[in-house]
Amino acid sequence: MIEMLMTKKDVAKHFGKSEKTIERWVSKGSLPPPLKLKGNDKNVFWTLEAIEKWITSDYTKQVDRLLKHGTV
């Protein structure tokens, strides 16, 4: 099975956010941590499967609900 990898830029584009926002989400633990190439912390990737699981998680649904009500 071939895993599709997404760069930080890809993830930001997918969510319509900036790369800086993606970095903040990772640092807050809101987004799963990326995979890193050995010896190079600048090149980070997520599997499409990890992003899809995060999107459909109960945590994400709860955050969406709070955002709609203006409590976050």
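Below is a summary of the structure that appears in this document. Because the structure is a prediction, the values reported are computed rather than measured.

1. Quick notes on the packing of helix 1 (residues 8–15) against helix 3 (residues 48–56)
- Two elements in contact, helix 1 and helix 3, have axes separated by 12 Å at closest approach and are oriented at 30°. Relative to helix 3, helix 1 is oriented so that their crossing is right-handed. Each of Val11, His14 and Phe15 in helix 1 lies in contact with helix 3, whose residues at this interface are Ile51, Trp54 and Ile55.
- Looking at the contact of helix 1 with helix 3 residue by residue, the classes come out as five nonpolar, one polar and no charged.

2. Things to note about the side chain of Lys8
- Tracing the sequence through the fold places Lys8 in helix 1.
- Side-chain polar atoms of Lys8 contact the side chain of Glu23, separated by 2.7 Å.
- Lys8 has contacts with Glu19, Ile22, Glu23, Val44 and Trp46, leaving out every residue within four places of it along the chain.

3. Quick look at the pattern of salt bridges
- On inspection of all chains with the given rule, the structure shows three salt bridges.
- Here Glu23 and Lys8 are joined by a salt bridge, their closest N and O atoms 2.7 Å apart. Within this pair, whereas Glu23 is found in helix 2 (residues 19–28), its partner Lys8 is found in helix 1, the two being separated by 15 residues in sequence.
- Between Lys53 and Glu49 there is a salt bridge, with its nearest N and O atoms 3.4 Å apart. Of the two residues, Lys53 and Glu49 are both situated in helix 3; the distance of four residues between them amounts to about one turn of the helix.
- Given the relative accessible area of 37%, Glu49 is considered partly exposed.

Conventions used here
Residues numbered from 1 in each chain as written. Predicted model: local features only at pLDDT ≥ 70, side-chain atom pairs only at ≥ 80, totals over all residues. Heavy atoms only, no water. Axes fitted to C-alpha atoms, helices over the stretch in contact; angles between N-to-C directions. Helix = DSSP H or I, 4+ residues; strand = E, 2+ residues; numbered from the N terminus. Left-handed = near helix turned anticlockwise from the far one by under 90°. Contact = heavy atoms within 4.5 Å. Nonpolar A, V, L, I, M, F, W, Y, C, P; charged D, E, K, R; others polar. Polar contact = N/O pair within 3.5 Å; in protein donor to acceptor, adjacent residues only side chain to side chain. Salt bridge = Lys/Arg side-chain N within 4 Å of Asp/Glu carboxyl O. Buried < 20%, exposed > 50% of the residue type's maximum accessible area, 1.4 Å probe, protein only.

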